[in-house]
Amino acid sequence: MSNIILVTGGAVFIGSHLCEKLAEDDNNVVYSLDNYSTGSVDNHVSNVSYIRGDTKDIDALVNFNPDYIYHLGEYSRVEQSFDDIEVVWKSNKNGIFHVLQFVRKTGSKLIYAGSSTKFGDGGLGRSQSPYAWTKASNTELVENYGKWFDISYAIVYFYNVYGGREISTGKYATLVALFKEKFKNNDSLTVVSPGTQKRNFTHIDDIISGLMTVGEKGYGDDFGIGCEEAFSILEVAYMFNGKVVMLPERMGNRMASDVITDKTKSLGWSGNKSLRHHIEIFLRDFD
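Residues numbered from 1 in each chain as written. Predicted model: local features only at pLDDT ≥ 70, side-chain atom pairs only at ≥ 80, totals over all residues. Heavy atoms only, no water.

1. Some details on the overall build of the protein chain
Along the protein chain, the regular secondary structure elements total nine helices and 13 strands. The C-alpha radius of gyration computed for the protein chain amounts to 18 Å, which stays within 12% of the reference 19 Å derived for 287 residues, consistent with globular compactness. Counting only C-alpha atoms, the protein chain reaches 55 × 40 × 35 Å along its principal axes. A buried classification covers 53% of the 287 residues belonging to the protein chain. Counting contacts in the protein chain only where the partners sit at least 6 residues apart, residues at least 24 apart contribute 77% of the total. Carbon and sulfur atoms provide 47% of the accessible area of the protein chain, an area that totals close to 13,100 Å². Here the protein chain contributes 29 positively and 36 negatively charged side chains, and the mean placements of these two sets differ by 2 Å. (Helix = DSSP H or I, 4+ residues; strand = E, 2+ residues; numbered from the N terminus. Rg over C-alpha atoms; globule rule 2.2 N^0.38 Å. Buried < 20%, exposed > 50% of the residue type's maximum accessible area, 1.4 Å probe, protein only. Contact = heavy atoms within 4.5 Å. Areas by Shrake-Rupley, 256 points an atom, 1.4 Å probe, with all protein chains shown as cover. Lys, Arg positive; Asp, Glu negative; His and termini not counted. Charge placed at Lys NZ, Arg CZ, Asp CG, Glu CD.)

Structure below.
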């Protein structure tokens, strides 16, 4: 019997990798719903059906009942969210309400991508930016829908994902991809002050294996998917052996975040990719 799976944000970095992996299983029928604000047709993969539109319109756009919905299609940048607050609200708050209403109707299992920012700086991170607050409050809404309407859900948390198809230019670029691009162009690597803020950089392969494990076996909250090893932003910059230029501090830039992976590991998941090794391979291949 086939599993019908919908991935919101399926044409973006993480979502496209998830679609690709899910579609490798002949028992899965995979759909993507994406508005292409940051997604790209270049990220389309074989054996996936693509629907263009906003998650707030999910009920009108999706005319089937998924068994699983991986809701990854939300705004996902911290510092930029101050300037993009209207987009953040439309994507993250309007979107989650309509997705949850759709889940109520269809009986789908929802796997929701929360944000590890809510664990940052001892819990203060949840209110340090519009992005962080919307994501933290969305996890509470998902939990409450579980209590109020008995929906099936699991909430996952990613930690600074890197790897193939990540955005490398513009204001939505990820840090590792941005550093790679600057290195290739012989530009200075820009680091937001103080540079000692630490992140747990996690390879896309580890994220996808964690997502699929939680989708299959996980129920409830607190399924963190992250690398245990943390590096400061300056340490990452120095791994590239390039010139570093410091930028002024920015609002919303947390200093640290606890990695909460015990529940995910209890399902049989483990991460095994190293950022340092990844950068070493990049530098070797560039030469």
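Now that the structure has been shown, we can carry on.
2. Points about the sheet that holds strand β3 (residues 48–52)
Spatial strand order, β3-β2-β1-β4-β5-β6-β11: seven strands in an open sheet with parallel pairing. This sheet does not close on itself; its edge strands, each paired only once, are β3 and β11 (220–225). Neighbouring strand axes in the sheet, compared pairwise and without regard to direction, differ in orientation by 20° on average. Sheet analysis places strand β1 (residues 3–8) next to strand β4 (residues 68–71), joined by four bridges and oriented parallel. For Thr 8, the partnering residue across the bridge sits in β4 and is His 71. Contacts from helix α4 (residues 130–149) reach β5 (109–115), β6 (152–158) and β11, with the element oriented near 155° to β5. (Pairing = 2+ DSSP bridges. Axes fitted to C-alpha atoms, helices over the stretch in contact; angles between N-to-C directions.)

3. Let's talk about the nonpolar core
One finds Ile 14, Val 156, Phe 158 and Leu 211 to be the most contacted residues of the largest nonpolar core, which totals 29 residues. If you list the elements that add at least two residues to this core, you get β1, α1 (13–23), β5, β6, α6 (204–217) and β11. In terms of residues, this core owes the most to one element, α1, which gives six residues. Among residues more than four places away in sequence, those in contact with Val 156 are Ile 111, Tyr 112, Ala 113, Gly 114, Leu 211, Val 214, Phe 223 and Ile 225. Counting 22 residues, the second-largest nonpolar core is a separate cluster that includes Phe 64, Phe 102, Tyr 153 and Tyr 157. (Core = buried A, V, L, I, M, F, W, Y, C linked by side-chain atoms within 4.5 Å.)

4. Quick notes on the packing of helix α3 (residues 85–106) against α4
The packing of two helices is summarised by the inter-axis angle and the distance between the axes. Look at α3 against α4: their axes get within 10 Å of each other, and the N-to-C directions meet at 15°. Put simply, α3 runs roughly parallel to α4. Relative to α4, the crossing made by α3 is right-handed. Facing α3, whose interface residues are Ile 85, Val 88, Trp 89, Asn 92, Lys 93, Ile 96, Phe 97, Leu 100, Gln 101 and Arg 104, α4 presents Pro 130, Tyr 131, Trp 133, Thr 134, Lys 135, Ser 137, Asn 138, Leu 141, Val 142, Tyr 145 and Phe 149. Split by residue class, the contact of α3 with α4 holds 13 nonpolar, five polar and three charged. (Parallel < 35°, antiparallel > 145°, perpendicular 65-115°, else oblique. Left-handed = near helix turned anticlockwise from the far one by under 90°. Nonpolar A, V, L, I, M, F, W, Y, C, P; charged D, E, K, R; others polar.)

5. Some details on the environment of His 44
Relative to the elements of secondary structure, His 44 occurs in the loop between β2 (28–34) and β3. Taking the C-alpha atoms as reference, His 44 lies 22 Å from Arg 77; in sequence the two are 33 residues apart. Excluding its chain neighbours within four sequence positions, the residues that come into contact with His 44 are Ala 11, Tyr 36 and Tyr 50. For His 44, the side chain forms a polar contact with the side chain of Tyr 36, separated by 2.7 Å. (Polar contact = N/O pair within 3.5 Å; in protein donor to acceptor, adjacent residues only side chain to side chain.)

6. Focus: the environment of Ile 96
Checked against the element boundaries, Ile 96 lands in helix α3. Here Ile 96 falls in the buried class, since its relative accessible area comes to 0%. Ile 96 sits 22 residues away from Glu 74 along the chain, and the two C-alpha atoms are 8.6 Å apart. Other than its neighbours up to four places away in sequence, Ile 96 contacts His 71, Glu 74, Ser 91, Tyr 112, Asn 138, Leu 141 and Val 142.

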